[in-house]
Each structure stands twice: as structure tokens, then as C-alpha cells.
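Residues per chain, in single letters:
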Amino acid sequence: MKEKRNDDGFRLSDNRRRAESLQIARQNDEFKNEENKRRAEAHKIERRNDEFKKEENKRRAEAHKIERQNIEFRTQENDRRLNLLKIKREEEEYKEEERRRNASRMRLSRDKYENNFHLLKLNYESKIKEGPTHICSCCGGLWFEYSIEEFTVEMLRNKGLPKEFIDKVYYLKNTIIKLCVTCRKDIMLNKVPNLCLSNVLENKVITLEEAENLSYEKKCDLIRKDPVTCVRYFEHRLKCLWEILLAPCGPFEGNGLEDKYIRVEFQFRGSPHIHVCIRLKNAPKYDKNNPKSIEQCTVY
Ligand SMILES: [Zn+2]
């Protein structure tokens with residue numbers, strides 16, 4: 001009996017022991033599971049952190065790049081503004097200089113003739129007879145004396161202008177460079193004036209033959225680009241025409257022009273031409289009832 005009890009007691013305690021160890025094992029398993037889950041979670045978080053950091057780094061790099069570009073942009077922008085300011089200042093200084101020059105010219109002529117009205121009057125009379133006979137070496141325009149300033153190549157070089165630039169703007173080569181106000185203003189700013197002849201003529205001196213062989217389109221283009229020069233040429237041609245018509249050896253043989261009526265027209269708002277009615281010296285009077293006058297007119 002005692003043995004059986006002992007046996008029973010043993011089994012009982014053994015069972016309990018087993019149950020306990022099972023429970024522990026179960027708890028261990030649960031623990032390990034939990035632990036694994038925790039680790040997985042931690043890994044996941046860490047991975048996310050890594051990705052986040054990578055993203056963050058990329059973002060920062062991008063921001064840096066943008067900032068660098070901004071700085072470069074701002075530097076360029078500042079440079080541009082400074083340059084504009086400089087040009088404006090130079091222009092203002094130039095205008096100021098012009099004003100000073102004009103004022104001093106006025107003062108000089110006032111002082112010169114202060115107490116001599118006769119001299120002043122003479123000067124006025126000779127001045128108003130002056131024409132715009134000074135030719136600008138750059139645009140070829142005709143100017144009054146006071147609009148022109150004279151230079152030498154050295155003087156322009158001393159103002160810091162490059163040789164090739166001077167060569168381009170100084171189109172009409174004379175010993176002295178004469179520059180009109182408008183051209184001078186651009187040239188001093190190192191800019192080729194719009195009306196510079198080398199612009200209009202594409203910086204080429206062409207031969208007479210080449211000029212005669214220019215296409216119609218090319219001629220139209222040149223006329224459109226420089227109507228002022230064309231009108232001046234037209235005026236010149238007319239002056240030459242009057243000279244011929246007035247000459248004793250001209251087509252009217254001494255019965256030169258007595259009077260004329262001219263009308264200048266611009267065909268299709270373009271090329272100028274004239275219609276003219278002329279009255280000649282010694283012309284016989286036409287009378288339809290007088291056969292002699294008809295004869296005289298025919299002979300004439
Ligand atoms: Zn000019």
C-alpha cells in the first residue's frame with residue numbers, strides 16, 4: 001500500500017513537474033515569439049529610419065543645390081544691375097558734359113560780343129547763312145558745325161575704345177574723324193550706332209559694277225534701311241539737273257530757266273520723283289489766231 005501511495009505520489013509530483021516545465025516551455029515559446037516579433041518590428045523601424053535618412057539626405061542635397069544656384073543667380077543678377085547702373089551713369093555724365101559744353105559756348109559768344117552790337121549782328125548774319133555742311137564720319141549725315149566734334153584715332157583709343165570697333169564706326173576715312181552728337185553718344189558707350197554706314201552697307205565697300213548688279217530686292221532693302229541717304233541723293237540729283245538746265249550750253253541754249261514750279265511726290269510712299277513746270281527765257285507767246293506765233297513756237 002505504502003509503495004502504491006509512494007508511486008501515486010511520485011506520479012503526481014512528476015505530472016506536476018512536467019506540467020510546470022511544459023508551462024515554462026510554452027512561456028518560453030511565447031516569449032521567443034514575442035521577442036522575434038519585437039525584433040522584426042525594430043528591424044522594420046530601423047529600415048524605415050534608414051530610408052527616411054536617405055530621403056532626408058537627398059532632400060538636403062537638393063536644397064543645397066538650389067541654394068547654390070540661387071546664390072549664382074543672385075550674383076549674376078547683381079552684376080547685371082551694376083552694369084546697367086554703370087551705363088546709365090555714363091549716359092548721364094555724357095549728357096551733363098553736353099550741357100556744360102552748350103552753356104560754355106553760349107557764355108563765350110555772349111562775352112565776345114558784349115559791347116558790340118554791330119559785331120554781334122554780323123556774326124548772326126554769317127551764322128544763319130551756314131549750312132549743315134559737316135559730314136559725320138560714322139553715319140554720313142550732314143550737320144551744323146556745333147553738332148560735330150572732331151577726333152583723331154588716338155583720341156578715341158585713349159578713351160579705351162578697341163581698334164576694330166573704331167575701324168567699324170569710322171566709316172568715312174578722312175584725316176580727322178568728325179562725329180555727330182547722336183553717333184558720339186553711342187560710340188562713347190562702345191556701341192555701334194544704328195545709322196552707322198558700316199551697318200547699312202554691311203561693312204563692305206562695293207565696286208560700281210557690284211552696285212549696278214545689285215538685285216531689285218537688295219536695292220529695296222538698302223533703300224528701306226536708309227531713307228535719309230536716299231532722299232539726300234535725290235536732292236543732289238535735282239541740284240545737278242538745275243545746273244544743266246541753266247547752263248548756256250545746256251539743252252535750252254542760253255534760254256535758261258526763268259522760273260519753275262516743282263512738286264515732289266513719293267511713289268507708293270517710297271521712291272521720290274518730281275513733276276515740274278518750267279518757264280524759259282525769251283519764250284514766244286502762243287496765240288492760236290496768229291500763224292506767226294505758231295511758227296515762232298515751232299522754231300523755238
Ligand atoms: Zn553721325
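Residues numbered from 1 in each chain as written. Predicted model: local features only at pLDDT ≥ 70, side-chain atom pairs only at ≥ 80, totals over all residues. Heavy atoms only, no water.

1. Brief notes about the coordination of the zinc ion
For the record, the criterion: Each metal site is built from N, O and S donor atoms within 2.8 Å (3.2 Å for Na, K and Ca), and since water is not included, such sites may look incomplete. Working rule for geometry: tetrahedral if four donors all subtend angles between 85 and 135 degrees; square planar for four, octahedral for six, if opposite donors exceed 155 degrees and the others stay between 65 and 115; irregular in every other situation. Three labels apply to residues, based on accessible area from a 1.4 Å probe with only protein chains included: buried if under 20% of the type maximum, exposed if over 50%, partly exposed otherwise in between.
Here the zinc ion is held by the protein donor atoms Cys136 (SG), Cys139 (SG), Cys180 (SG) and Cys183 (SG), which lie 2.3 to 2.4 Å from it. Considering all four donor atoms around the zinc ion, angles at the metal cover 98 to 119° and the coordination shape is tetrahedral. Looking at cysteine 136, the relative accessible area reads 0%, which means it is buried.

2. Thoughts on the pattern of salt bridges
We count it as follows: Salt bridge criterion: a side-chain nitrogen from Lys or Arg within 4 Å of a carboxyl oxygen from Asp or Glu. Only DSSP runs of H or I reaching four residues or more are called helices, and only runs of E reaching two or more are called strands; each is numbered from the N terminus.
Summed over all chains, the structure comprises 17 salt bridges. One salt bridge in this structure joins glutamate 34 and lysine 37, with 3.9 Å as the shortest N-O distance. Of the two residues, glutamate 34 and lysine 37 are both situated in helix 1 (residues 2–112); the distance of three residues between them amounts to about one turn of the helix. Within this structure, Asp14, Arg17 and Arg18 form a network of salt bridges that share partners.

3. Description of a nonpolar patch on the surface
We apply this condition: Surface patches are drawn from residues lacking salt bridges whose relative accessible area is over 30%; two like charges belong together within 9 Å, two nonpolar side chains (Val, Leu, Ile, Met, Phe, Trp, Tyr) within 5 Å. We get accessible surface area from the Shrake-Rupley algorithm with a probe of 1.4 Å; when it comes to residues, only the shown protein chains can shield them.
Taken together, the side chains of Val231, Ile262, Val264, Phe266, Val276 and Ile278 present a nonpolar region at the surface, about 460 Å² in accessible area. Of all the secondary-structure elements, those providing two or more residues to the nonpolar patch are strand 5 (257–266) and strand 6 (272–280). Positionally, isoleucine 262 belongs in strand 5.

4. Comments concerning the confidence of the model for the protein chain
As a reminder, the rule being used: Along the chain, pLDDT gives the predictor's confidence residue by residue, from 0 to 100.
Confidence in the prediction for the protein chain averages 82 pLDDT; 94% of positions are at 70 or higher. Within the protein chain, strand 4 (residues 177–180) carries the highest mean pLDDT (94), whereas helix 2 (residues 117–129) carries the lowest (77).

5. Quick notes on the state of the cysteines
Under the convention used in this document: To count as a disulfide, a pair of cysteine sulfur atoms needs to be within 2.5 Å.
Counted by the stated rule, this structure contains zero disulfides. Take cysteine 230: it sits in no disulfide, and the sulfur closest to it among the cysteines is that of cysteine 220, at 10 Å.

6. With respect to the packing of aromatic side chains
Any pair of aromatic rings gets described here by the distance separating the centres and the angle formed by the planes. Heads up, the condition is: A pair of aromatic rings is counted whenever rings of Phe, Tyr or Trp (Trp by its six-membered ring) have centres within 6.5 Å, and the orientation is called stacked for planes under 30 degrees apart, edge-to-face for over 60 and tilted otherwise. Our definition puts a charge over a ring when NZ of Lys or CZ of Arg is within 6 Å of the ring centre and also within 35 degrees of the ring normal.
Under the definition given, this model contains one aromatic pair. Centre to centre, the rings of phenylalanine 144 and tyrosine 146 are 6.0 Å apart; their planes meet at 5°, and the pair counts as stacked. A relative accessible area of 32% places phenylalanine 144 in the partly exposed class. Over the ring of tyrosine 170 we find lysine 173; its NZ or CZ atom is 4.6 Å from the centre of that ring. Above the face of the tryptophan 242 ring, lysine 260 is positioned so that its terminal group lies 4.7 Å from the ring centre.

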